[in-house]
Amino acid sequence: MREYELVIIGGGPAGLAAAVAAHEAGLKDILILERDNELGGILNQCIHNGFGLHTFKEELTGPEYAGRFIEQVKKLDIPYKLNTMVLDLAAAKMIKGRRNMFQLTKAEWKRLLVGGSLCGLMLILASTTQQIGIADTSAGKTGFITAMYIVIVPLFGLFQGKRPTVLLWISVAVAAGGLYFLCVTESFTVAPSDLIVLLCAVLYAGHILVVDRFSGELDGIQMSCIQFFTAMVLAVAGAFAMETPSVQALSLCVWPILYCGLLSSGVGYTLQILAQKDANPTVVSILLSMESVFAVIGGAVVLHERMGGREILGCVLMMIAVILAQLPASSKEKVVKAEE
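Residue positions are given per chain, counted from 1 along the sequence in the order it is written. Reporting in this predicted model follows two pLDDT cut-offs: at least 70 for local features of residues, and 80 or more for side-chain atom pairs to be given and counted; totals over whole chains, interfaces and linings ignore these cut-offs and use all residues. Values reported for side chains reflect all heavy atoms of the structure, with hydrogen atoms and water molecules removed beforehand.

Participant: Could you give an account of the overall build of the protein, naming the residues involved and the relevant values?
Facilitator: The numbering of helices and of strands both runs from the N terminus, where a helix is a DSSP run of H or I of at least 4 residues and a strand a run of E of at least 2. Broken down by element type, the protein carries 15 helices and 3 strands. Relative accessible area decides the class of each residue, using a 1.4 Å probe on protein chains only: under 20% of the type maximum gives buried, over 50% gives exposed, and in between gives partly exposed. When the 340 residues of the protein are sorted by exposure, 36% land in the buried category. Whether two residues are in contact is decided by their heavy atoms, any of which lying within 4.5 Å being enough. Of all intrachain contacts in the protein linking residues separated by at least 6 positions in sequence, the fraction that spans at least 24 positions is 77%. Summing over all exposed atoms, the protein offers an accessible surface of approximately 20,300 Å²; the carbon and sulfur share of this is 65%. Residue burial considers only the protein chains on display, and all accessible areas are found by Shrake-Rupley using a 1.4 Å probe.

Right, here's the structure in full:
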């Protein structure tokens, strides 16, 4: 079976222009599929002028506009198939066509390095500030303040033109209340270390938004590899600059390090990148904050810790928040979003 790096469905002006742009960007293994018996895609009765003003800087009729792109495709010798219908797009088949990192163009490599490095930088900064802050505050308060990225993410999203729905704001408020009941068992006071943990929450929010920015256009596995390589380099440099690592010290905590590195970070943050490809970052932040619920349940099941009414109420509120976040927006809000 012949495989292509890029298959474009539709031989109209948009499909032809996409093929030409991809070829000029360095992608050579391209195929155009068109269900008609000729390229073009514009009805012959579109004979009025007005096409081509933006792209070709002159007035063209519909057929003339399509003809310009057809000439470019043929000049670049981009292959195409006519009288061809696409009947199925299976995820398993699409994954099969993934290119490895050594097949990327220079421009794609640059984009991958920028996206992966930014994710790694935000991740290591967030993790470091959390570990510094937790040294002088309780674990419960640290968990609550850190998870406040569920509020920070939609606030940051406003500056990017992303307006969460009213229902989503309600779910954020309910989740914040649930986190408070789950994590804070003592009187809540603000100490300097808490401000450091709050900075950690801001950085985790930044990490979610950076992933949201790049996950839609980059391969998730490849971006995750660059992310962890960046985090590793910065973490090792920081360890030798600020501490005195030794084999004996590492051997005492080898299993926790392996768990955090391979499962909690490696698997967890890779799944986050893959999941965020088509997800709302605010919804993602709420789902990620469910770690507090699983921590409480895990403590009860594995460590036989007792869950009181406060913890159970927190879990219930968190589940309600997740359900609310998944409900569709009202028709009025959809109209407003579409107009924007």
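Still more to cover.
Participant: Let's hear about the packing of helix H4 (residues 106-134) against helix H8 (residues 192-215): which residues, and what values?
Facilitator: Between H4 and H8, whose axes approach to 8 Å, the crossing angle comes to 160°. As judged from the angle between their axes, H4 and H8 are roughly antiparallel. Considering only the axes of H4 and H8, their crossing is left-handed. Grouping the constituent residues of the contact of H4 with H8 by class yields 18 nonpolar, 8 polar and 2 charged. Helix axes are fitted only over the stretch in contact, all axes being lines through C-alpha atoms; the angle between N-to-C directions runs from 0 to 180 degrees. Convention used here: angles under 35 degrees read as roughly parallel, angles over 145 as roughly antiparallel, angles from 65 to 115 as roughly perpendicular, and any remaining angle as oblique. Here a crossing is taken to be left-handed if its near helix is turned anticlockwise relative to the far helix by less than a right angle, and right-handed if that turn runs clockwise. Residue polarity is assigned by list, with Asp, Glu, Lys and Arg as charged and Ala, Val, Leu, Ile, Met, Phe, Trp, Tyr, Cys and Pro as nonpolar; anything else, Gly included, falls into the polar class.

Participant: So what's going on with the packing of aromatic side chains? Which residues, and what values?
Facilitator: Two rings from Phe, Tyr or Trp (for Trp, the six-membered ring) form a pair when their centres are within 6.5 Å of each other. A pair whose planes differ by under 30 degrees is stacked, one over 60 is edge-to-face, and the rest are tilted. Summed over the entire model, instances satisfying the criterion amount to 2 aromatic pairs. Look at Tyr65 and Phe69: their rings are 5.2 Å apart centre to centre, the planes differ by 90°, and that puts the pair in the edge-to-face class. Of this pair, Tyr65 and Phe69 both sit in helix H2 (residues 62-75), 4 residues apart, which is roughly one turn of the helix. Exposure class is identical for Tyr65 and Phe69. Each is buried. Against the face of Phe214 rests Arg213, its NZ or CZ located 5.4 Å from the ring centre. We call a charge positioned over a ring when the NZ of a Lys or the CZ of an Arg lies within 6 Å of the ring centre and within 35 degrees of the ring normal.

Participant: Hey, could you go over the environment of Leu27 for me, with residue numbers and the actual values?
Facilitator: Along the chain, the position of Leu27 falls in the loop between helix H1 (13-24) and strand E2 (30-33). With relative accessibility at 12%, the residue Leu27 sits in the buried group. In this structure the C-alpha to C-alpha distance between Leu27 and Leu6, which are 21 residues apart in sequence, comes to 8.0 Å.

Participant: Report on the pairing of strand E1 (residues 6-9), specifying residues and quantitative values.
Facilitator: Here E1 runs beside E2; their pairing, made up of 4 bridges, is parallel. Note that in E2 the partner of Ile9 across the bridge is Leu33. If you view a crossover with the strands going away from you and the path from the first strand over the helix to the second runs clockwise, you call it right-handed. Each parallel crossover has a hand, and for E1 linked through H1 to E2 it is right-handed. For two strands to be treated as a pair, DSSP must find at least two bridges joining them.

Participant: A description of the packing of helix H6 (residues 149-159) against H8 should follow, citing residues and the corresponding values.
Facilitator: Direction vectors running N to C along H6 and H8 enclose 55°, while the axes themselves pass 9 Å from each other. Judged on the interaxial angle alone, H8 and H6 are oblique. Note on packing geometry: the crossing formed by H6 with H8 is right-handed. Residue-level contacts link Tyr149, Ile152, Val153 and Phe156 of H6 to Ala201, Val202, Tyr204, Ala205, Ile208 and Leu209 of H8.

Participant: Could you give an account of the pattern of salt bridges, with specific residues and numbers?
Facilitator: We define a salt bridge as a side-chain nitrogen of Lys or Arg found within 4 Å of a carboxyl oxygen belonging to Asp or Glu. Applying the stated rule across the entire model yields 2 salt bridges. In this structure, the salt-bridge partner of Arg111 is Glu217, at a minimum N-O distance of 2.6 Å. With a gap of 106 residues between them, Arg111 in helix H4 and Glu217 in the loop between H8 and helix H9 (220-242) connect regions that are remote in the sequence. By relative accessible area, Arg111 is classed as partly exposed at 29%. Here Glu217 makes a salt bridge to Arg213, at a shortest N to O gap of 2.9 Å. Arg213 sits in the partly exposed class, given a relative accessible area of 44%.

Participant: Give a description of the environment of Gly41 that names residues and reports values.
Facilitator: Structurally, the position occupied by Gly41 is in the loop between E2 and H2. Given the relative accessible area of 64%, Gly41 is considered exposed. For the pair Gly41 and Pro13, spaced 28 residues apart in sequence, the C-alpha to C-alpha distance is 6.8 Å. Beyond its immediate stretch of four places on either side in the chain, Gly41 contacts Gly11 and Gly12.

Participant: Run through the pairing of E2, naming residues and quoting values.
Facilitator: Consecutive side chains of a regular strand alternate in pointing toward one face of the sheet and then the other. With burial as the criterion, each face of E2 is covered, one bearing Ile30 and Ile32 and the other bearing Leu31 and Leu33. Bridge count for E2 against strand E3 (residues 80-81) is 2 bridges, and the pairing is parallel. Along E3, the bridge assignment pairs Leu33 with Lys81.

Participant: Can you explain a nonpolar patch on the surface? Please cite residues and give values.
Facilitator: Residues Ile221, Val254, Trp255, Leu258, Tyr259, Leu262, Leu263, Val267, Leu271 and Leu274 make up a contiguous nonpolar surface patch of about 980 Å² in total accessible area. A total of 9 residues in the nonpolar patch trace back to one element, the largest contributor, which is helix H11 (residues 254-275). Relative to the helices and strands, Leu258 resides in helix H11. Residues qualify for a patch when their relative accessible area is over 30% and they have no salt bridge, like charges being joined within 9 Å and the nonpolar side chains of Val, Leu, Ile, Met, Phe, Trp and Tyr within 5 Å.

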